[in-house]
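One-letter residues, chain by chain:
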Amino acid sequence: MNNLFEIIILEDAFEFLENLDKKHSEKILYNIRKSQIEHNPELFKKLIDEIWEFRTLYQGLQYRFLSFWDKTESENTFVVSTHGIIKKQSKMPLKEIEKAKSLRIEYFEQKKKNNTQ
């Protein structure tokens, strides 16, 4: 089965996963892998502008991994996960969206820099 996209997990998101209980991080990764093969807004949906979120509800906790698309390569489409949070309110905090946008800008600037070297 072909994946709809490949995943890149940035350092902040990776550190968030590392600091969780193993069963929680495994459930999050399971849902991310599942979203690679099926369109399911319960697992992966657009938040605002170019920012998306991977969604996991596990043992009463709402985990969110903010992400964005990278379609700059002709062979592969990537979803880049910027960072994770435990969501405690109904609306996504604006500061988390702004952080994802900032990390997106940094990612593409670094990618452009690496491609010109």
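See the structure printed just above.
The rules behind each value
Residues numbered from 1 in each chain as written. Predicted model: local features only at pLDDT ≥ 70, side-chain atom pairs only at ≥ 80, totals over all residues. Heavy atoms only, no water. Helix = DSSP H or I, 4+ residues; strand = E, 2+ residues; numbered from the N terminus. Rg over C-alpha atoms; globule rule 2.2 N^0.38 Å. Core = buried A, V, L, I, M, F, W, Y, C linked by side-chain atoms within 4.5 Å. Buried < 20%, exposed > 50% of the residue type's maximum accessible area, 1.4 Å probe, protein only. Contact = heavy atoms within 4.5 Å. Pairing = 2+ DSSP bridges. Axes fitted to C-alpha atoms, helices over the stretch in contact; angles between N-to-C directions. Salt bridge = Lys/Arg side-chain N within 4 Å of Asp/Glu carboxyl O. Phe/Tyr/Trp six-rings, centres within 6.5 Å; stacked < 30°, edge-to-face > 60°.

Novice: Explain the overall build of the chain to me, and be specific about the residues and the numbers.
Specialist: Regarding its fold elements, the chain presents three helices and five strands. For the chain, the α and β elements follow one another from N to C terminus as β-α-α-β-β-β-β-α. Relative to the compact-globule value of 13 Å for 117 residues, the chain shows a C-alpha radius of gyration of 14 Å, a close match. The C-alpha extent of the chain, read off along each of the three principal axes, is 45 × 35 × 25 Å.

Novice: Provide a residue-level description of the nonpolar core, including the pertinent values.
Specialist: In this structure, L20, I28, F54, Y63 and F65 are the most contacted members of the largest nonpolar core, which totals 13 residues. The dominant element in this core, judged by the number of residues it contributes, is helix α1 (residues 11–18), at three residues. Ignoring sequence-local partners within four residues, the contact set of F54 consists of F5, I7, I32, S35, L43, F44, Y63, R64, F65, S67 and V79. Judged by nonpolar contacts, the second largest core, of six residues, contains I85, M92, I97 and A100.

Novice: Requested: an account of the sheet that holds strand β4 (residues 61–70), with residues and values cited.
Specialist: If you walk across this open sheet you meet the five strands as β1-β5-β4-β3-β2, and the pairing is mixed. The open sheet terminates on both sides in strands that have one partner only, identified here as β1 (6–9) and β2 (44–48). The average undirected angle you get between the axes of adjacent strands in this sheet is 40°. Alignment of β2 against strand β3 (residues 51–58), held across four bridges, turns out to be antiparallel. Residue I48 lies in a different strand from β3, and its bridge partner there is I51. Relative to strand β5 (residues 78–87), α1 is tilted by about 45°, and along the sheet it contacts β1, β4 and β5. Where helix α3 (residues 94–116) meets the sheet, it contacts β1, β2, β3, β4 and β5, and its direction lies at approximately 35° from that of β4.

Novice: Describe the pattern of salt bridges, with residues and values.
Specialist: Going through the model one piece at a time under the given rule, you end up with seven salt bridges. A salt bridge links K101 to D49; the shortest N-O distance between them is 2.8 Å. On the criterion of sequence distance, the pair formed by K101 in helix α3 and D49 in the loop between β2 and β3 is long-range, its members being 52 residues apart. The class for K101 is buried, based on a relative accessible area of 18%. Close ionic contact of R55 with E53 constitutes a salt bridge, the shortest N to O distance being 3.0 Å. Its relative accessible area of 17% is what places R55 among the buried residues. Each of E53, R55 and R64 takes part in one network of salt bridges that share partners.

Novice: Let's hear about the packing of aromatic side chains: which residues, and what values?
Specialist: What characterises a pair of aromatic rings is the spacing of the ring centres plus the angle enclosed by the ring planes. Summed over the entire model, instances satisfying the criterion amount to twelve aromatic pairs. Relative to Y63, the ring of F16 has its centre 6.4 Å away and its plane inclined at 70°; by these criteria the two rings are edge-to-face. Note that F16 is positioned in helix α1 and Y63 in strand β4, a separation of 47 residues in sequence. Both residues of the pair, F16 and Y63, belong to the buried class. In textbook terms, an aromatic cluster arises when at least three aromatic residues are bridged by ring pairs, as seen for F5, F44, W52, F54 and W69.

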